[in-house]
Amino acid sequence: EMVKYEAELMKDLGVNIVTGRELGKDFTVESLKKDGYKAVFVGVGLPTPKITKEFKGLSMKQGFYTSKDFLPLAAVSSKPEMKEANEK
């Protein structure tokens with residue numbers, strides 16, 4: 001339920017969410033660029049981030065976030081009360 005709720009919040013912000021597709025099989029980062037995407041978030045649901053060869057060596061400074069990096073930042077920025085709870 002919480003994941004669905006969070007997904008709906010992101011959709012409300014204009015995020016296009018696509019599920020059930022495999023990076024490298026159904027699409028590539030290059031094909032997404034050619035399709036006009038300016039930003040891509042690939043969330044695969046693993047307990048620990050698995051970084052494929054296309055993303056090795058990239059950092060948050062370069063715009064690369066694992067789910068462990070991105071989701072807490074998104075939660076804090078979309079819900080001010082979470083930031084307050086984390087500061088206690």
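Reading guide: rules and limits
Residues numbered from 1 in each chain as written. Predicted model: local features only at pLDDT ≥ 70, side-chain atom pairs only at ≥ 80, totals over all residues. Heavy atoms only, no water. Helix = DSSP H or I, 4+ residues; strand = E, 2+ residues; numbered from the N terminus. Buried < 20%, exposed > 50% of the residue type's maximum accessible area, 1.4 Å probe, protein only. Areas by Shrake-Rupley, 256 points an atom, 1.4 Å probe, with all protein chains shown as cover. Phe/Tyr/Trp six-rings, centres within 6.5 Å; stacked < 30°, edge-to-face > 60°. Contact = heavy atoms within 4.5 Å. Polar contact = N/O pair within 3.5 Å; in protein donor to acceptor, adjacent residues only side chain to side chain. Salt bridge = Lys/Arg side-chain N within 4 Å of Asp/Glu carboxyl O.

Undergrad: I'd like a description of the overall build of the chain, backed by residues and values.
TA: Along the chain, the regular secondary structure elements total 4 helices and 0 strands. Each helix (α) and strand (β) of the chain, taken in turn from the N terminus, gives the series α-α-α-α. Within the span of the chain, comprising 88 residues, buried residues form 9% of the whole. Only carbon and sulfur atoms are counted for the fraction: they give 56% of the accessible area of the chain, which is about 7700 Å².

Undergrad: So what's going on with the packing of aromatic side chains? Residues and values would help.
TA: Scanning all chains against the criterion turns up 2 aromatic pairs. Both rings, one in Y65 and one in F70, keep their centres 6.4 Å apart while their planes meet at 70°; by these two values the pair is edge-to-face.

Undergrad: Residue-level account of the environment of R21, with values.
TA: One can find R21 in the loop between α1 (2–12) and α2 (29–34). The class of R21 is partly exposed, set by a relative accessible area of 44%. Distance from R21 to V42, taken between C-alpha atoms, is 9.9 Å for residues 21 residues apart in sequence. What R21 contacts, discounting residues up to four positions off in sequence, is D26 and F27. Polar contacts involving the side chain of R21 include one to the main-chain carbonyl oxygen of D26, which spans 3.1 Å.

Undergrad: Describe in detail the pattern of salt bridges, supporting the description with residues and values.
TA: Overall, the coordinates contain 1 salt bridge when judged by the stated rule. A salt bridge links K11 to E8; the nearest nitrogen and oxygen atoms lie 3.5 Å apart. Linking K11 with E8, this pair stays in helix α1, spanning 3 residues, or about one helical turn.

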